[in-house]
Amino acid sequence: MRRFLCIASTQLVCWAAQASGLHIQVQDREGQPLPEAVVVLYPVGLAAPVSPAPPGPVLIEQERMRFVPALTVVVPGTRLRFANLDRWDHHVRGTLATGLAALDPNAPPGFEFRIAGRTAGQAPAAMELVLDKPGVVLLGCHLHGSMRGHVFVSDSAWTLKTDDKGYARFEGLPAGKVELRVWHPELLVEPPRQAVQLGTSTLQQTVQLGVVPRRRRL
Ligand SMILES: [Cu+2]
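Now for a look at the structure at hand. (Residues numbered from 1 in each chain as written. Predicted model: local features only at pLDDT ≥ 70, side-chain atom pairs only at ≥ 80, totals over all residues. Heavy atoms only, no water.)

**Things to note about unusual backbone geometry**
At step 1: The residue after V68, namely P69, is reached through a cis peptide bond having omega 0°.
At step 2: Looking at the secondary structure, you find P69 in the loop between β4 (66-68) and β5 (71-74).
At step 3: The backbone of E36 shows a phi angle near 65°, a positive value even though the residue is not glycine.
At step 4: Residue class for E36 comes out partly exposed when judged on its relative accessible area of 31%.
At step 5: A positive phi angle is found at M65, which is not glycine, with a value near 65°.
At step 6: You can see M65 is positioned in the loop between β3 (58-63) and β4. (Helix = DSSP H or I, 4+ residues; strand = E, 2+ residues; numbered from the N terminus. Buried < 20%, exposed > 50% of the residue type's maximum accessible area, 1.4 Å probe, protein only.)

Printed below as a string of structure tokens:
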């Protein structure tokens, strides 16, 4: 339920004292919920909030010719660990994703490495690296053209991946104006950011992207 605690003339004062939530549902071109989108908030007029990189590595496995998870969202400075669960080698490469990220001079550099296939009864071979700059990295494999994944290195701590219902739910945000950025691996052009005014209640907002829904694999 929405509560409006402030009268108009004192709204700004009230916003400054209240925290609120922002629940975003991202939809595809047909209005269906879009999982695996990234929603980022930037406070207007302030530096984006920063959170420290996690102490341990974030795992991206190569399993049955896929990157698992297909989309990984991290903050700069995060250590990524690539572990190969397949019995055959992979030659992982990371390049700048196409689109706007490719024009970003601060985007992370590319990388590549080969990871040996797993031997039964032994721990999988793994490689680690740190991505210390914001940007979107496209993951691929030199040996298997169908393998595809993404790492979204966000420049704001207020970043979430949408769930199965297409939702990104931010809670406990300070009041004020934020810019809303939405990204998805299938987007050819990232839509312009929207301004959202956070008040004293939780806001619900829908963002529709021009992404064509993919048929589910059976
Ligand atoms: Cu491969």
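**Side note on the coordination of the copper ion**
At step 1: Those donors, H90 (ND1), C141 (SG) and H144 (ND1), are the protein atoms that reach the copper ion, and they lie 2.0 to 2.1 Å from it.
At step 2: Of note, the copper ion draws all its donor residues from one chain, in the sequence arrangement H-x50-C-x2-H. Here C141 lies in strand β10 (residues 135-141) and H90 lies in strand β7 (residues 90-96), a separation of 51 residues in the sequence. Just as H90 is buried, C141 falls in that class too. (Donors = N, O, S within 2.8 Å, 3.2 Å for Na, K, Ca; no water.)

**Description of the environment of E30**
At step 1: Considering the arrangement of structural elements, one finds E30 in the loop between β1 (19-27) and β2 (38-43).
At step 2: C-alpha of E30 to C-alpha of G210: the two residues are 180 residues apart in sequence and 8.5 Å apart in space.
At step 3: Those residues in contact with E30 that lie beyond four places of it in its chain are Q208 and P213. (Contact = heavy atoms within 4.5 Å.)

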